[in-house]
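# Secondary and tertiary structure notes
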Amino acid sequence: MAGKRKQILFSALEPGLGLKKALEHTQTEIIDIIKLSRLRGRGGAGFPTGLKWDLAYSAKAPKKFIVCNADEGEPGTFKDRILLNEHAKKIFEGMAIAGYAVGSQEGIIYLRAEYRYLRPVLVQAIDELRKAHLLGKKILGSDFQFDIDIHLGAGAYVCGEETALIESLEGKRGEARNKPPYPTESGYMGYPTVVNNVETFCYVPYILIEGAAWFQKFGTFESTGSKLFSISGDVKKPGVYELEMGTTVRQVLNLVEASDTKAVQVGGASGICVAEKDFDKPLAFESLPPGGSIIVFNRSRDMLNVLKNFMEFFVEESCGQCTPCREGTFRLLEGVKLMEQGQCSIHYLRVLRELAETMKISSKCGLGQMAPNPFLSIIDNFKGEILARDRVTDSIPL
Amino acid sequence: MPNMLAVCINGKECEVEFGTTILEAARKMNIHIPTLCYHDDLCLSGICRICLVEVDGEKTLQAACSAPITRPLHIRTHTEKVRKARRNILELMLSNHYGECYTCFRNQNCELQKLAKEYGVDSLRFGHVELPRHTKDTSSRSIIRDMDKCILCRRCVRTCHDFQGVGALEAAFRGIDTEIQTFLDHPLGDAVCINCGQCINRCPTGALRERDRSDEVWNAIDDPQKIVVMQTAPAPRASIGEEFGLPPGTSITRKLNTALKMVGFDYVFDTNFAADLTIMEEGTELLTRLKDFIVDKKPVSLPMITSCSPGWVKYCEHYYPDYLPHLSTCKSPQQMFGSLIKTYFAQKIKVDPKNIMVVSLMPCVAKKYESDRPEMSASGFKDVDYALTSRELAQMIKETGIRVTDLEDSDFDSPLGLGSGAGLIFGATGGVMEAAIRTVYEIITGEEVPFENLNVIPVRGMDGIKEAEISFQKTKEDWKFLEGKTLRVAIAHGTANAKKIMDKVASGEAQWHFIEIMACPGGCLGGGGQPIPTNENIRKARAKAIYDEDSHLNIRKSHSNPQIQMLYNEFLDHPNSKKAHKLLHTTYTRRGKI
Ligand SMILES: Cc1cc2nc3c(=O)[nH]c(=O)nc-3n(C[C@H](O)[C@H](O)[C@H](O)COP(=O)(O)O)c2cc1C
Ligand code: SF4
Ligand code: SF4
Ligand code: SF4
Ligand code: SF4
Ligand code: FES
């Protein structure tokens, strides 16, 4: 049985049509359309896009910015790359519409350093859009002007976090800021800033052309539309798929012809690792938050090893600002290594579990708040396997 | 009427202004929330996460220090979640901290230690560090860095960067490898550090401290061959009591004299005397520059800028080397004093200067660097042998068992023991300016400054930058060229403010004649060698103590100090004389920015 495949982003779009429709509306009308579509951000957190735009629209400031988050740093994720490479004009059109809606004339695309080779493609798309009067001054003959700059990222995963991204744009060390104030109130250079994911922007022209009601028909009530997934791991057909929101894990596994699956990591390293018992859950913000990637592990995989890889990633990527994340990721990894060596007591495992819970609620930014996800989900969902290693002992730790 | 919001913390209700932080609201309600990376003087950072509280409707705990209140809130500060999180965070910090409290100079004055006790840390579940992992950086003449004790709160980074405008320290690497480093990890002694020590005063732990010279001073005291002379600066006298449990703003000058004698110093003199001397020398220098400029139309460097703050001097050498000619050539009072002890005083008591040790009690760690500058030995001997901070001296006194607070008062020794109120107020920002104005105005007009009780109010207070003007009427014969002219002055404290002033000087935007700059916030009373903690209220209390003392003195103008007059008669001839130039003035070095 194939997964429900509904194409939005991978269907044709007449360049400029969405923007043209947008210019027929007032700013608040566009925001209302996006709100009505219930589009949620595709960068991870699933924040309602219409609401974000409304906040930026309502902020009074002489300047505002639209930033496209193309930092795609989550391991195993390459869906934005495809959009950047093959659908750049959709992104830029979405950004221009956002600019019109919130009252901004300047867009910035923050491009992951590793994607610098895509720069010529983007530059060319921007040039063509300018020539077609879809960017620049007097867009489509109106008084609206909007242009886009490309900024290369700093090469750290945390720079994908919106406030760290803004710090990095300002030339500082990429570290998360305190929130509030949120970027919509005070972002790049202190001006109201909308930060949206590449994919989020891409849906916008479609919604303006086809209407909010059309978009709502896809997906679930709380998670409308479709979603791109980079699917990798123990599967026959890895790749980027556009699937309707609400597709279940099992449907995905069938689609990509995975067999003998033990575990599925949903949402990249920051996501959660689900076991067979949860394969019928839908990929949707209200159930399994979908992130951008799905990694499949079959029965030959050692889950402790899987966990170790994830924790190594976080130890490497923690920006080091706040105590729970800086020290906590290190202690969790250390604990995993102890488990590997059979040096971790049940008691200490409990201590680490409590630490992981603390990190989730006490870290300064999403990285530290989500870093314990794989730890907790693997320890909980694969407890049997981990305890059965007979290497987890009751000896006193350390 | 500002937008008020109802806040309920632990069941107590209160109304606060929109944007108030949770921490501020809690403090208003007398509810204590622990903090660590937060400091009253610094911008918010929100990184230690010790101040977490539970806010209804939020999934995550909120950092009270940096969470602004923008809607009515219900907050709880010690729920199970909060307690567990705090314990975990403290244990995480301690698991990466190497240090033994009983050998640490912050023992019993350490915020980390205090938190561990207050929040019930009774085990180190994540282990602890058994061996040092860093070598101490002892390259600086003033500051020792012991990064094994650093908990990465970055208060030093923010102090150095935001408060002092220097940026000598920064966070390097990421994640668990994060470290506080100088630029390119140069030893601090080679970095662009101005030795102000403000980072020490704001470090919650023992990771930063001054280079301790008390052992050398003890050795000198123990040596029967040596005459050990102590000079005490005004600012420490208004603060050292804090080390003995007195409230900020309690001046113990005369009890301290008694204690110092008991400790074993042979003579105890008053740096204020040298401050008065500085005013005579610097005031004369200013008037000479003005005359050269107005009458003789010579190219002179105006505005003239004070040079008694060694942190500021080094800042100028690094960042504004082209403006070094604007610095007064006067040595600081500490150095002038030392120079006179090794010459004038040595002759008076007929002792070979090589057997005299000059020790100074200073509010400052940059004074250590200053006293070690090679140019500070014009007499053939080092002007000042050891500069001790308020903290080091307090430690020495504690070691003797002397209870300073119980002692009788005693006076300074003669002949370098008399200082005017003008010398005394050197300890506060604006004080040098006020002292100079009191004297210069009187030299020019023959009359006292036209301010009630000689209190030149416009130059006082804690504003980062102050400006004032004073015009001269009825000038005396020699100073007719200043008739009707207005002297424009400016004052800055904290080198971030100095930078603002210097940029205005550089752009030609501002037309000042005389500028006072102190590297430390509040002036010397907020110096990097002063008792820890510090904040604006503490600094204000110390300033008040100094100004109160000034207002009660008989002699409040430097030129009226009879011992100064005697010194010029017996030894120096007149201000800016050849001899004065040799002993009391100095030169500066151009330095790079790396
Ligand atoms: C550690 C971390 C990394 C992130 N990386 C990305 C990223 O690479 N791309 C992205 O769009 N959002 C990323 N986000 C989410 C952003 O902070 C932000 O929520 C998102 O860009 C908002 O766009 P959206 O509303 O369209 O999802 C990251 C968040 C965290 C905490
Ligand atoms: S949670 Fe991690 S990445 Fe985020 S601010 Fe804290 S240390 Fe940095
Ligand atoms: S820094 Fe504080 S906790 Fe650490 S050794 Fe010193 S006193 Fe103890
Ligand atoms: S002493 Fe002053 S200049 Fe040097 S690092 Fe500390 S704060 Fe910065
Ligand atoms: S040296 Fe002190 S102030 Fe600086 S980060 Fe470390 S603990 Fe904090
Ligand atoms: S005191 Fe609030 S996070 Fe450090």
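Residues numbered from 1 in each chain as written. Chains lettered and ligands numbered in written order. Predicted model: local features only at pLDDT ≥ 70, side-chain atom pairs only at ≥ 80, totals over all residues. Heavy atoms only, no water.

Helix length check: helix α13 (residues 346–362) of chain A (17 residues) gives 24 Å between terminal C-alpha atoms against 24 Å at 1.5 Å per residue, within 8%. Among the residues of α13(A), Y348(A), L349(A), V351(A), L352(A), L355(A), A356(A), T358(A), M359(A), I361(A) and S362(A) are the ones counted as buried. (Helix = DSSP H or I, 4+ residues; strand = E, 2+ residues; numbered from the N terminus. Expected span 1.5 Å × (residues − 1). Buried < 20%, exposed > 50% of the residue type's maximum accessible area, 1.4 Å probe, protein only.)

V158(A), S318(A), C319(A), G320(A), Q321(A), C322(A), C325(A), S363(A), K364(A), C365(A), L367(A) and G368(A) make up every residue found near ligand 2. Partitioned by chemical class, the residues of the shell around ligand 2 number six nonpolar, five polar and one charged. (Near = heavy atom within 4 Å. Nonpolar A, V, L, I, M, F, W, Y, C, P; charged D, E, K, R; others polar.)

A separate point is the packing of aromatic side chains. Each aromatic ring pair is described using two quantities: the centre-to-centre distance and the angle formed by the ring planes. Scanning the entire structure with this criterion turns up 21 aromatic pairs over all chains. Geometrically, the ring pair formed by F144(A) and F146(A) is stacked, given 6.1 Å between the ring centres and 20 degrees between the ring planes. Exposure class is identical for F144(A) and F146(A). Each is buried. When the centroid spacing of 6.3 Å and the interplanar angle of 50 degrees are considered together, the rings of W214(A) and F215(A) count as tilted. Aromatic ring contacts, followed pair by pair, group Y267(B), F269(B), F273(B), F337(B) and F345(B) into a single cluster. Here the guanidinium or amino end of R38(A) rests over the ring plane of F221(A), the centre of that ring lying 3.8 Å away. The ring of F244(B) has K398(B) lying over it, and the distance from NZ or CZ to the ring centre is 5.8 Å. (Phe/Tyr/Trp six-rings, centres within 6.5 Å; stacked < 30°, edge-to-face > 60°. Lys NZ or Arg CZ within 6 Å of the ring centre and 35° of its normal.)

Inspection of every chain in the model, using the stated rule, returns 84 salt bridges over all chains. With a shortest N-O distance of 3.4 Å, R250(A) and E276(A) are connected by a salt bridge. Pair noted here: R250(A) is in helix α10 (residues 249–255) and E276(A) is in the loop between β8 (272–275) and β9 (293–298), with a separation of 26 residues, a long-range link. Look at R250(A) and you get partly exposed, because its relative accessible area is 30%. In this structure, the salt-bridge partner of D548(B) is K544(B), at a minimum N-O distance of 3.0 Å. Of this pair, D548(B) and K544(B) both sit in helix α17 (residues 536–551), four residues apart, which is roughly one turn of the helix. Looking at D548(B), the relative accessible area reads 33%, which means it is partly exposed. What you see here is one network of salt bridges that share partners, running through R42(A), K79(A), D80(A), E199(A) and K227(A). (Salt bridge = Lys/Arg side-chain N within 4 Å of Asp/Glu carboxyl O.)

What follows covers the site of ligand 1. Residue and element names in this part refer to chain A. Taken together, 18 residues sit near ligand 1, with G43, K52, N196, N197 and T200 positioned nearest. Within the backbone of V195, a nitrogen or oxygen atom sits 3.5 Å from an oxygen atom of ligand 1. Separating an oxygen atom of ligand 1 from a side-chain N or O atom of T200 is a distance of 2.7 Å. Starting from 610 Å² of accessible surface for ligand 1 in isolation, the protein chains cover 91%. Every element with two or more residues in the shell around ligand 1 is listed here: β4 (193–197) and α14 (366–370). When residues in the shell around ligand 1 are grouped by element, the largest group, three residues, is from β4. (Polar contact = N/O pair within 3.5 Å; in protein donor to acceptor, adjacent residues only side chain to side chain. Areas by Shrake-Rupley, 256 points an atom, 1.4 Å probe, with all protein chains shown as cover.)

With that settled, consider the sheet that holds strand β5 (residues 226–233) of chain A. Within a sheet, neighbouring strands are paired by backbone hydrogen bonds and run either parallel or antiparallel to one another. Residues and elements named next belong to chain A. Here we have five strands laid out as an open sheet, ordered β6-β5-β9-β7-β8, and mixed in their pairing. In this open sheet, the two strands that pair with only one neighbour each are β6 (239–244) and β8. The mean inter-strand angle of the sheet, taken between neighbouring strand axes irrespective of direction, is 30 degrees. Bridge analysis of β5 against β9 gives four bridges, and the strand direction is parallel. In the strand pairing of β9, S232 is matched with I295. The sheet contacts of helix α4 (residues 79–86) involve β5 and β6, and relative to β5 the element is tilted by about 120 degrees. (Pairing = 2+ DSSP bridges. Axes fitted to C-alpha atoms, helices over the stretch in contact; angles between N-to-C directions. Contact = heavy atoms within 4.5 Å.)

Right, let's talk about the domain arrangement of chain A for a bit. Residues and elements named next belong to chain A. Looking at the assigned domains, one finds that chain A contains domain 1 (17–216), domain 2 (226–298) and domain 3 (303–393). Placing the centre of domain 1 and that of domain 3 at their C-alpha centroids yields a distance of 34 Å. The interface is formed by 12 residues belonging to domain 1 together with eight residues belonging to domain 3. When the buried area of domain 1 at its contact with domain 3 is split by residue, Y157, V158 and A176 rank highest and sum to 51% of it. Taken together, the links from domain 1 to domain 3 amount to zero salt bridges. At the surface where domain 1 touches domain 3, the tally comes to four residue pairs in polar contact (both at pLDDT 80 or more). When grouped by side-chain class, the residues that make up the side of domain 1 that touches domain 3 number five nonpolar, three polar and four charged. (Domains from an automatic or database assignment. Buried area = accessible area lost by both parts, 1.4 Å probe.)

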